[in-house]
Structures are given as C-alpha cells and as structure tokens.
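What follows is the residue order along each chain.
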Amino acid sequence: MEKSCSLLIHFDKGTPALANEIKEALEGNDVPAKIDAMKKAIMLLLNGETLPQLFITIVRYVLPSEDHTVQKLLLLYLEIIEKTDAKGRILPEMILICQNLRNNLQHPNEYIRGVTLRFLCRLSEVEIIEPLIPSVLANLEHRHPFIRRNAILAVMSIYKLPQGEQLLADAPEMIEKALSTEQDQSAKRNAFLMLFTCSQERAINYLLTHVDRVPDWGDLLQMVVLELIRKVCRTNKGEKGKYIKIIISLLNALSAAVIYECASTLVSLSSAPTAIRAAANTYSQLLLSQSDNNVKLIVLDRLNELKSSHREIMFDMIMDVLRALSSPNLDIRRKTLDIVLELITPRNINEVVLTLKKEVVKTQSGELEKNGEYRQMLIQAIHSCAIKFPEVASTVVHLLMDFLGDSNVASAMDVAVFVREIIETNPKLRVSIITRLLDTFYQIRAARVCCCALWIIGEYCLSLSEVESGISTIKQCLGDLPFYTVLEDGEAADSSKKSQQVNSTTVSSRRPAILADGTYATQSAASETAFSPPTVVQGSLTSGNLRSLLLTGDFFLGAVVACTLTKLVLRLEEVQPLKAEVNKTSTQALLIMVSMLQLGQSSYLPHPIDSDSYDRIVLCMRLLCNTGDEIRKIWLQSCRESFVNMLSDKQLRETEEIKAKAQVSHAQPDDLIDFYHLKSRKGMSQLELEDEVQDDLKRATGEFIKDGDDANKLNRILQLTGFSDPVYAEAYVTVHHYDIVLDVTVINRTKETLQNLCLELATMGDLKLVERPQNYTLAPLSSKQIKANIKVSSTETGVIFGNIVYETSNVLERTVVVLNDIHIDIMDYISPAVCSDAAFRTMWAEFEWENKVAVNTVLQEEKDFLEHIIKSTNMKCLTAPSALEGECGFLAANLYAKSVFGEDALVNLSIEKQIDGKLSGYIRIRSKTQGIALSLGDKITLKQKGGS
C-alpha cells in the first residue's frame, strides 16, 4: 500500500553494498557525510527497500545530532518507515523514538520544535502520540508564532484520529480559547480551520460574534471563513442571508484571491440580481487589475458562466469586459470577443462596434507581430455584429474595405466575405460599397480576395456608370494585351522604339524566358546573359494586380475574370441603349479571354492552363457570341438567388444552434408554488427578498431539475463480478472532464466476515489512479461503497482492470476475485462543436494524423448512414442541409467535434451508392494527436454497421 509522504524523488538503487556504506557514514562524525547517507537511506526506503538494520544505528548516532538538516531528514525517515507489524500492533523499537520526540518538543530551538510538531501531523499511531500530548499542548502558549501555528495543526490532526476525542476531549475548547487571544494571522487561520473541521458550531459562533471585524482579518483567515460559509449554506440554505452580508463586506478586501473567492461564493449561494451584479463587477475589476494571463483566462471563464445563467445582468457589463482587449495575449482577446458577441443588444451595439473599430485602427501600427491575426479576429467580430444589427454596417464597412489589400490573406478574405454579405443584406449601401470597391480594387494582391471582389463587381454593378467603371477597372488591372510577345530578329529594333529595352547582342535564334520580376523576355541561345524584354509584357508589382497573378499561372482567377466580364457585358446590353458601345465592349472582353487562353496554352509558363478553367473561359466566349434569354436569366439572376439561399441557410443554422444552446427546463405539475407577495418579510434584507424571488422563478421554470434521469444513470452501472462469486461488485462510472469517479458497490454474499478486503485497480492508456482504496472489513451479507478517482490526460481509449482481494478467518491464504474490464469510451470526452468552413480547411491541411476507415455498412441510403455516423460519434455536421438535398448517388459531408482537452476532431465522409444498392467510400479522420484519430476510427468501425 502506498503511504503519504512529502518527499517523492526518483533514485537509482545501485549496488546492494550501499546499505553498509550508509551505516558507516551514519556512525561517523562527519555531518555532511551523515546528511548524504540519510538522503540515500530515505531514497532506498521510497523505492521499496526495508533496511531494518539501519534503525538502531540511526537511533544511536543520528538522534543525538544537533544539526537542523540532520534532524529534518530524521523526521522524514521516521515518517516513511514501517511502525507496525502485520497485525497492526506498534513495533517495540518505536518506543525508542518517543523520548527523542518529547525532547524535540521541549527543545530551546524554535525550528526543531516547529518541524517536530509538523511531523506529528503525519503520525497515526496512538501509542507513539499519546505520551507526547502534554508537550504538544504546552506549545500552544509558546511565545513564538511559528511554534503555535504548528502546535494547533498537531492538535487538529490528533483530534481527527479515530481515538482522537478520547485523547483530546477538550481540544476544541482549548483552540477556541487560543483563537480569542491569538495575534498571529497564520496561527489564527490554523485555529479557525481546526474549529471549522472538528467543531463547526464553535467556528460559526466565533464568526458571528466577530462579524464586524472580518474585513480586518488576514487573507488566510478570510479564505477559511468563505469555505465555512459555503459549507454551512449548502447544508442549511435558510441561513444564507446573514452570511451573504459577510461575503459582500469582503468584496473590498485587499487580497485578489479573497475577492475572487467572494465572487465565486456569491454566485454559488445566491441568484439575486444584486449579488450577481456585485460578483460580475468584482470579476471585471480582477480582469483589469491582474497582470497574470492565466488569472485573466480563469476570470473570463467565470464571466462566461455568468453570461449563460444571468444574461440580463451581464448586458450592462459588456463594456467592462471589452477592456480586456488591452491585453496582448491572443487567447484572452479571443475569449473576450466570444463573450461580448453573445451579449450584444440594440442598446449597446453602437458602443461595442466603436470600440472594435478603434482596435482595428490600432492594429495598423505594426508594433506587435500577431497584429494580423488579431485584426482577423476583430473583422470576424464586426462581421457578426453587422449581421445581427444591419444598421451598424454603414459605420464599419468602409473602414474594413481598406484592409482588402492586407498582407494577411486570411484577414483580407474575411473582409471580402463580410462585404459580400453586407452588400446583399443592406441594399442602401450597395452604391457606396461598389464605388469604394472599384476605387480600391487595384490594391488587392491575393488571388482568393480578387475572386471574391470580382464576383461582387459582377453581381452588384447595376447602373450604366457602375458597369462601365467595373469593366474599365478590370481592363486597367489586366494591363495591355497580349500578355506576352516574342520578338523576332527583324522586329527587335522596332520594339525598342516602343518600350524601354535592355541592350542585347543580336543573335540568330532566341527563346523566351521569365525574369525575376515576372516579366517575359527573349533569351539568346548563344549567350544566356543577353535579354530582350518584349514590348508590352509586364508582370511586376508596378503593373495591374490581375496581370501579375495571371502571369504566375493562376488560371482559376482567369476563369473568374472571364465570368465577371461576361456578366458585366450581359448587363450592359440591358442598360446601354447604344448597341455599338455594347459590341465594342463585348469585342474587348472576347480579346481578353482569347489572350488568357493564348497565355495558358503557351510554353512560356511552367504549367499550362487546367481543363476546368479552359472550359469555363470558352463557355464565356460562346455566351458573348450567342446569348439567349434563358442563359441571360441564369447568369444575371440565378447566381444571386443561390447566394441569397446560402445566406438564409446560414442564418437558419445559427438560429437552430442558439435554440439548441438554450436551457430547456420543464416544471412538474405537482411542484409546490410559493406566493412571494403572501410571504412574511420581517427581518429579511433586500438581498434575501430578491433571492426568494429568483428561487421561485427557477422553481417555476424547472431550472432546479437536473438533466440526467434515472434511466441514464442505470446505463452507466457496470457489473464487475458474477452473481455466483462470493463477493458481488458493480461500479457506477461518472466522467467529468479530466476526472473519472468509480463508485463501486461491494456486497459480501457469504456468511463469513471478510477481512482486509481491498479493491486493487490498474489502468491501461492515458489513465492514472489518484489513490488506492484502503482495506476494509465486511460483515456477513453487508455492503460497502468504495470510491476510486482516476485522472485522464488524453482522449485515447483507456481500460481499467483489477481484482478484489480479501481474507477470511478460516482460510489463511488471500482470495482473489478478478473483475471485468471497464472500457472508457471516447464519446465521454468529445462534444459537437461548430467552426467555419475556412477554419475546417485550415485545420485539415495542418493536422498530420489521419485515420482512413472504409465504409462497410448494411444501410443503403446515404443520408441514413450520415445520420447514423453523426449519432454514433457525437459530432456536428458542418455541411449545410441544402447541400445534402436531392438524390444523386453521392454524398460528401464534413463533421467536427472538440474534446474536453481542447483537441479538434475532423471527419470527412465521402460515400457513393453502387449499382447493387450498397454504399461504398471512405471516412477520413484527422486530428493533431494520434490518440483521438485512432480512438474515433475504432469507434466508427465498431458502430458503422448500423446494428448498434
């Protein structure tokens, strides 16, 4: 059995002769050698050695030592050695140390007395402690506070022993007397803790007697007072009114730890608006005053909990919470924004958006290296605000459009998506957004952002001037045509007159080359140092952004340019009365598309144009040459309608998520109803009255009713032994984040008394036993509840196994009953979560662990199989319902979940219905760690057949 000890250090045992060397060093007079020998002896004892031959040597040569280090090591040694025999009786030689301990308790040196008193806190052998009690009590009145505070702890530990009340019957009375005269804050704290633990009535009496002086007590004592209040109020809720006054008086304490505990205690004991508001204010003050990032994150977690349970009160605290954005830590900023975005109301939206705008402007300074990531978070927050409250969009959209050319592509893309959504949901802003977009389009340098901006231009340029400006802007950004040209021998001189050229040697043959800045030139076959740039080919940053991107081989962007030009020309036909102008513009658009195809099919780029982009550009050319009414309707109306449907689906999903998060409460028809207005209010403070109202409201709405019902609890009971075994055992498994609690019921089914019954457990995987249960004696046909705590460190599937060992009076040998294994399910650790498509794709690209599971199921419908996987894996489907509609024989969906350890689990489901009606395909799982990918894969393999 493991024993508690204050020293746990790894030690290599070395050779067996080490014990003799230790003995020789202990018998010598060299103090440093004696210290080293004592350390080695302690290490050996901690690693399982017994060393019985050293005890007498230590008694003879170490006990008399006056060195403080030797004495401290001696106490550690005495703490870990065996003091009883197999039958639990004290060893005779242990009496030898009693006189030494008594001498230490009367030693003139305060340190020796103090550490010896602390040592007594770890002793449980009554035979050793009983002779020392008079010396311990004498130290309660010692002049030095270090001795007094340890003497109080020693008295408390002795009193808590099974025979403690017989050894120290009047201990609470003595400690109460000492507490009334004690001046040292630490000693007062220990004395009050002793009363709190051993005589709660005396502690409550002392607290209520000195209630006006509580704010002047030290922070250590105030923390114990708060712990006492929590314990008393949980057992007797009717008395919490007088204790809440004490808590509120401590909210102005000097210690941040006390203030935090006060706020937490207030929230746990009261739901009155006054108390919750006081706690929220306290958390907000701590958020600003504390510099430690971990403290800030913990406080933000508490504020997040308040937001869930007391939303109305937190509405007024939103600006105080926003001040946490002054912290440079991104995790703090992210958590702050998450809280704030759920507290926005029409009353505070303008203040919130104004603050976010100021923060966006600050990110332009470039002082911090993570400004780009922070700016992206702010843009997403503003986007969310503008969607919820469209009236604020006009105040932020033009500011954010300045960041379309941001070097941080993700940030610029967020702005483009934001502008795309706002221009649809706010028709009044369309003209100003289009004008600003056309003015700033040339600043965009990222291909993805260009694609989004071009789509906006193609869809929302409606008037004649806007269409003409859109076409003109695209032409300017593409530059002069063609995109490349090869100079022949006879044309070199003429081309040099048209544009600036580098002098080169005239040779008989030339081949094209790409310069460092992206421009094209012809290279001499004879000399690789002679270049002749073409007359019009330019791809440097000084030219248009579209041209630079096209010359890098991005023909998906080229296809988007072609589609945008096609839409603009089709719309120009509707708004331009002059057909000649329309024909001219159409011809210019066709020339641009032909030039892009010519560039893509040339041998001057490392990669030719892809077939999809080629087909798309050719389709656009055919449309411009021959346009029908149906085609015009598809291009000018259906695209916009699809986008509107996408926004509607997105809003619908967000609404469903909000409803799912809302607490569903049900009140029972036979619940008691307290009529607040008919109650007696004598002697009740305003806070107590508010608390009564809140409790009535919670009772009426069913908030006191727990989610878990008896049926779910029964599902968590696991049978560990058989019905025919002499000992029957079953376990109720409770999983709560990082902890697993096994509540094991053990029943003695025999007519004999079972002695030294022990539940021995072991684990496999990332599970660790916190402690081993102790030995028990079980009477015939009686039962015992045994609890075992297990810590979890990852989402890998773990197994708990073990056995029950016991002895009987008739049989000398120990009997072993092997237990069934307990498999810890990964589903207990992951929960459905939501993330954006962009975030999903980013994580999918970054995560290195992938588990690929082949589809093998008896289900024959794609959607049924998807629903089955979602239910079996406890994940959230990110793919919109509209994308899953229809019957085409194929289905692809993305699933997402998050573990309690902060790990992300990504799943991509791709299935196809075969001719014979069976489903085939793959389920790919990706995660940052190997454990969750493997465990989730095993779970899917087990569950996907649809039978369980």
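Residues numbered from 1 in each chain as written. Predicted model: local features only at pLDDT ≥ 70, side-chain atom pairs only at ≥ 80, totals over all residues. Heavy atoms only, no water.

1. As for the overall build of the chain
Then comes step 1: Looking only at helices and strands, one finds 39 helices and 19 strands in the chain.
Then comes step 2: Within the chain, the fraction of its 948 residues that count as buried is 47%.
Then comes step 3: The contacts of the chain with a sequence gap of at least 6 include a subset with a gap of at least 24, amounting to 65%.
Then comes step 4: Working note: accessible area of the chain is about 48900 Å², and carbon and sulfur atoms make up 51% of it. (Helix = DSSP H or I, 4+ residues; strand = E, 2+ residues; numbered from the N terminus. Buried < 20%, exposed > 50% of the residue type's maximum accessible area, 1.4 Å probe, protein only. Contact = heavy atoms within 4.5 Å. Areas by Shrake-Rupley, 256 points an atom, 1.4 Å probe, with all protein chains shown as cover.)

2. Thoughts on the nonpolar core
Then comes step 1: Core analysis: the largest hydrophobic core is formed by 217 residues, its most contacted members being Tyr77, Phe192, Leu207, Leu303, Leu356, Leu546 and Met593.
Then comes step 2: Of all the elements, helix H31 (residues 555–575) adds the most residues to this core, at twelve residues.
Then comes step 3: Discounting chain neighbours no more than four positions away, the residues touching Leu356 are Leu322, Leu325, Leu337, Leu378, Ala381, Ile382 and Cys385.
Then comes step 4: Leu761, Ala788, Val817 and Leu819 belong to the second-largest nonpolar core, a separate cluster that totals 30 residues. (Core = buried A, V, L, I, M, F, W, Y, C linked by side-chain atoms within 4.5 Å.)

3. What about helix H4 (residues 68–80)?
Then comes step 1: Look at H4: 19 Å from first C-alpha to last across 13 residues, which is about the 18 Å you get at 1.5 Å a residue.
Then comes step 2: Burial within H4 is extensive, with ten of its 13 residues counted as buried.
Then comes step 3: All buried positions along H4 are accounted for by Val70, Gln71, Leu73, Leu74, Leu75, Leu76, Tyr77, Leu78, Glu79 and Ile80.
Then comes step 4: Contacts from the buried residues of H4 go to helix H2 (31–46), helix H3 (54–61), helix H5 (95–105) and helix H6 (110–120). (Expected span 1.5 Å × (residues − 1).)

4. So, the environment of Met646
Then comes step 1: You can see Met646 is positioned in helix H34 (residues 629–661).
Then comes step 2: Judged by its relative accessible area of 43%, Met646 is partly exposed.
Then comes step 3: For the pair formed by Met646 and Ala883, sequence separation is 237 residues and the distance between their alpha carbons is 9.5 Å.

5. A closer look at the pairing of strand E6 (residues 739–748)
Then comes step 1: Here ten bridges tie strand E5 (residues 727–736) to E6, and the two strands are oriented antiparallel to one another. Residue Val727 lies in a different strand from E6, and its bridge partner there is Asn748. (Pairing = 2+ DSSP bridges.)

6. Quick notes on the packing of aromatic side chains
Then comes step 1: One pass over the structure, following the stated rule, counts seven aromatic pairs.
Then comes step 2: On the basis of an interplanar angle of 70 degrees and a centroid distance of 6.1 Å, the ring pair of Trp455 and Tyr460 is categorised as edge-to-face.
Then comes step 3: Given the relative accessible area of 1%, Tyr460 is considered buried.
Then comes step 4: What links up through ring pairs into an aromatic cluster is the set Phe192, Tyr206 and Trp217.
Then comes step 5: Sitting over the face of the ring of Tyr374, Arg333 holds its NZ or CZ atom 3.7 Å from the ring centroid.
Then comes step 6: Across the ring face of Tyr922, the terminal group of Lys852 is positioned such that the distance to the ring centre comes to 4.4 Å. (Phe/Tyr/Trp six-rings, centres within 6.5 Å; stacked < 30°, edge-to-face > 60°. Lys NZ or Arg CZ within 6 Å of the ring centre and 35° of its normal.)

7. Some details on helix H1 (residues 18–27)
Then comes step 1: Buried within H1 we find Leu18, Ala19, Ile22 and Leu26. Projected down its long axis, H1 shows its buried positions confined to an angular sector of 100 degrees, all on one face. Along H1, the residues that are exposed and aim more than 90 degrees away from the buried face are Asn20 and Glu24.
Then comes step 2: Each element contacted by the buried residues of H1 is listed here: H2 and H3. (Arc of directions from axis to C-beta.)

8. Description of the pattern of salt bridges
Then comes step 1: The full count for this structure, using the stated rule, is 26 salt bridges.
Then comes step 2: For Asp36, the salt bridge goes to Lys40, with nearest N and O atoms at 3.5 Å. Of the two residues, Asp36 and Lys40 are both situated in helix H2; the distance of four residues between them amounts to about one turn of the helix.
Then comes step 3: What makes Lys40 partly exposed here is its relative accessible area of 29%.
Then comes step 4: The shortest N-O distance in the salt bridge between Arg302 and Glu305 comes to 2.9 Å. Taken together, the positions of Arg302 and Glu305, both in helix H18 (residues 293–309) and three residues apart, correspond to about one turn of that helix. (Salt bridge = Lys/Arg side-chain N within 4 Å of Asp/Glu carboxyl O.)

9. A closer look at the sheet that holds strand E8 (residues 767–769)
Then comes step 1: Reading across the sheet, the five strands line up as E4-E5-E6-E10-E8 and stay open at both edges, with antiparallel pairing between neighbours. Strands at the two margins of the open sheet, each flanked by one partner only, are strand E4 (717–719) and E8. Taking the axes of each pair of neighbouring strands and ignoring which way they run, one obtains an average angle of 30 degrees across the sheet.
Then comes step 2: Bridging between E8 and strand E10 (residues 783–792) involves three bridges; their strand directions are antiparallel. (Axes fitted to C-alpha atoms, helices over the stretch in contact; angles between N-to-C directions.)

10. Focus on unusual backbone geometry
Then comes step 1: Phi at Asn756 takes a positive value of approximately 50 degrees, unusual for a residue other than glycine.
Then comes step 2: Even without being a glycine, Asn874 presents a positive backbone phi close to 60 degrees.
Then comes step 3: Tracing the sequence through the fold places Asn874 in the loop between helix H38 (862–873) and strand E16 (876–877).

11. Details of the side chain of Gln222
Then comes step 1: The topology assignment puts Gln222 in helix H14 (residues 219–235).
Then comes step 2: A polar side-chain atom of Gln222 sits 3.1 Å from the main-chain carbonyl oxygen of Val214.
Then comes step 3: Not counting chain neighbours up to four residues away, the residues in contact with Gln222 comprise Val214, Pro215, Asp216, Trp217, Leu250, Ala253 and Val258. (Polar contact = N/O pair within 3.5 Å; in protein donor to acceptor, adjacent residues only side chain to side chain.)

12. A short note on the packing of H5 against H6
Then comes step 1: At a minimum axis distance of 8 Å, the contact between H5 and H6 shows a crossing angle of 130 degrees. It follows from the interaxial angle that H5 and H6 lie oblique. Contacts between H5 and H6 involve Leu101, Asn104 and Leu105 on the former and, on the latter, Ile112, Arg113, Thr116, Leu117, Phe119 and Leu120.
Then comes step 2: Residue composition of the contact of H5 with H6, grouped by class: six nonpolar, two polar and one charged. (Parallel < 35°, antiparallel > 145°, perpendicular 65-115°, else oblique. Nonpolar A, V, L, I, M, F, W, Y, C, P; charged D, E, K, R; others polar.)

13. Structural notes on the pairing of strand E18 (residues 904–913)
Side-chain direction in a regular strand flips from residue to residue, so the side chains alternate between the two faces of the sheet.
Then comes step 1: The buried fraction of E18 is high, at seven of ten residues.
Then comes step 2: Connecting strand E17 (residues 890–899) to the antiparallel partner E18 that follows it, the hairpin turn spans four residues, and Gly902 within it adopts a positive phi of roughly 85 degrees.
Then comes step 3: In the sheet, E18 pairs with strand E19 (residues 919–927) via nine bridges, with the strands oriented antiparallel. In the sheet register, Glu912 faces E19, and the bridge partner there is Ser920.
Then comes step 4: The hairpin turn running from E18 into E19, its antiparallel successor, is five residues long, and Gly917 in that turn takes a positive phi close to 95 degrees.

14. A short note on the side chain of Thr808
Then comes step 1: One can find Thr808 in strand E11 (residues 798–808).
Then comes step 2: Exposure remark for Thr808: the relative accessible area of 10% places this residue in the buried category.
Then comes step 3: Beyond its immediate sequence surroundings of up to four residues, Thr808 is in contact with Glu752, Thr753 and Leu754.

15. Regarding the packing of H4 against H6
Then comes step 1: It is the contact of H4 with H6, at a shortest axis distance of 11 Å, that shows an interaxial angle of 10 degrees. By the angle class used here, H4 and H6 are roughly parallel. Note on element contacts: H6 touches H4 through Tyr111, Ile112, Val115, Thr116 and Phe119, opposite His68, Gln71, Lys72, Leu75, Leu78 and Glu79.
Then comes step 2: Its residues assigned to classes, the contact of H4 with H6 shows six nonpolar, three polar and two charged.

16. Structural notes on the confidence of the model for the chain
Then comes step 1: Summing up the model confidence of the chain, the mean pLDDT is 79 and the portion of residues at 70 or higher is 84%.
Then comes step 2: Mean pLDDT per element in the chain: helix H29 (residues 492–498) is the minimum at 31, and helix H27 (residues 447–460) is the maximum at 91.
Then comes step 3: This model gives residues 489–542 a pLDDT under 50, and the stretch forms 99 contacts once residues within four places in sequence are excluded. (pLDDT = per-residue confidence, 0-100.)

17. Quick look at the environment of Cys233
Then comes step 1: Secondary-structure assignment places Cys233 in helix H14.
Then comes step 2: Classification of Cys233 by relative accessible area gives buried; the value is 3%.
Then comes step 3: Between the C-alpha atom of Cys233 and that of Ile244, which follows or precedes it by eleven residues, the distance is 9.6 Å.
Then comes step 4: In this structure Cys233 touches Lys240, Tyr243 and Leu269, once residues within four positions along its chain are discounted.

18. Concerning the state of the cysteines
Then comes step 1: Inspection of every chain in the model, using the stated rule, returns zero disulfides.
Then comes step 2: Free of any disulfide, Cys639 has its nearest neighbouring cysteine sulfur in Cys563, separated by 8.4 Å. (Disulfide = S-S within 2.5 Å.)

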